[in-house]
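Structural features, examined
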Amino acid sequence: MPHNSEKPDAAFTAIRAALMASYSGTLATTRLSPLDALEYLAAAIGSIYREVADAHLDPDGCPCGWAPCHVLDIVALQQAIAANASIADEADPFDLRMLAPVGHG
């Protein structure tokens, strides 16, 4: 997640809630599978990136100073999805609670 945001937790929570509401509504009103709906959501995020990046290609277009770097930006988006998707799916292969204490001797 971005490190320069003033309130990253609040922003993440708000964006996640909006996406979850849209996702849930899509599942309730269509016959899409959960994965198909998530793929549409990911495609929508990609198209939003494309639109925002295009708006920032003109040096006089936006005063924020952000300059898109398509390859690195897309890699960052992919990594954010992978990092957050894999958290609940993978158990830590090394869990100290599973070891029997052996003592000092």
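Residues numbered from 1 in each chain as written. Predicted model: local features only at pLDDT ≥ 70, side-chain atom pairs only at ≥ 80, totals over all residues. Heavy atoms only, no water.

1. Quick word on the side chain of His-56
If you trace the backbone, His-56 turns up in the loop between α2 (34-55) and α3 (70-89). Ignoring any residue separated from it by four or fewer positions in sequence, one finds His-56 in contact with Cys-62, Cys-64, Trp-66 and Pro-68. (Helix = DSSP H or I, 4+ residues; strand = E, 2+ residues; numbered from the N terminus. Contact = heavy atoms within 4.5 Å.)

2. So, the environment of Gln-78
Tracing the backbone through its elements, the reader meets Gln-78 in helix α3. Each C-alpha atom, one on Gln-78 and one on Ala-42, is 9.8 Å from the other, the two residues being 36 residues apart in sequence.

3. A short note on α2
For an α-helix the count is 3.6 residues per turn, leaving residues at separations of three or four pointing the same way. In this model, α2 (22 residues) spans 32 Å end to end at C-alpha, consistent with the 32 Å of a helix rising 1.5 Å per residue. For α2, the full list of buried residues reads Ala-37, Leu-41, Tyr-49 and Ala-53. Across the axial projection of α2, the buried residues extend over an arc of 155 degrees, all falling on one side. Turned more than 90 degrees away from the buried face of α2 sit Tyr-40 and Glu-51, all of them exposed. (Expected span 1.5 Å × (residues − 1). Buried < 20%, exposed > 50% of the residue type's maximum accessible area, 1.4 Å probe, protein only. Arc of directions from axis to C-beta.)

4. Structural notes on the packing of aromatic side chains
Applying the stated criterion across every chain yields a total of 1 aromatic pair. Arranged with centres 6.3 Å apart and planes meeting at 75 degrees, the rings of Tyr-49 and Trp-66 form a pair that is edge-to-face. Taken together, the residues Tyr-49 in helix α2 and Trp-66 in the loop between α2 and α3 connect sequence positions 17 residues apart. Its relative accessible area of 13% is what places Tyr-49 among the buried residues. (Phe/Tyr/Trp six-rings, centres within 6.5 Å; stacked < 30°, edge-to-face > 60°.)

5. Observations concerning the pattern of salt bridges
Within the structure shown, the criterion is met by 1 salt bridge. The shortest N-O distance in the salt bridge between Arg-50 and Asp-54 comes to 2.6 Å. Taken together, the positions of Arg-50 and Asp-54, both in helix α2 and 4 residues apart, correspond to about one turn of that helix. The class of Arg-50 is partly exposed, set by a relative accessible area of 34%. (Salt bridge = Lys/Arg side-chain N within 4 Å of Asp/Glu carboxyl O.)

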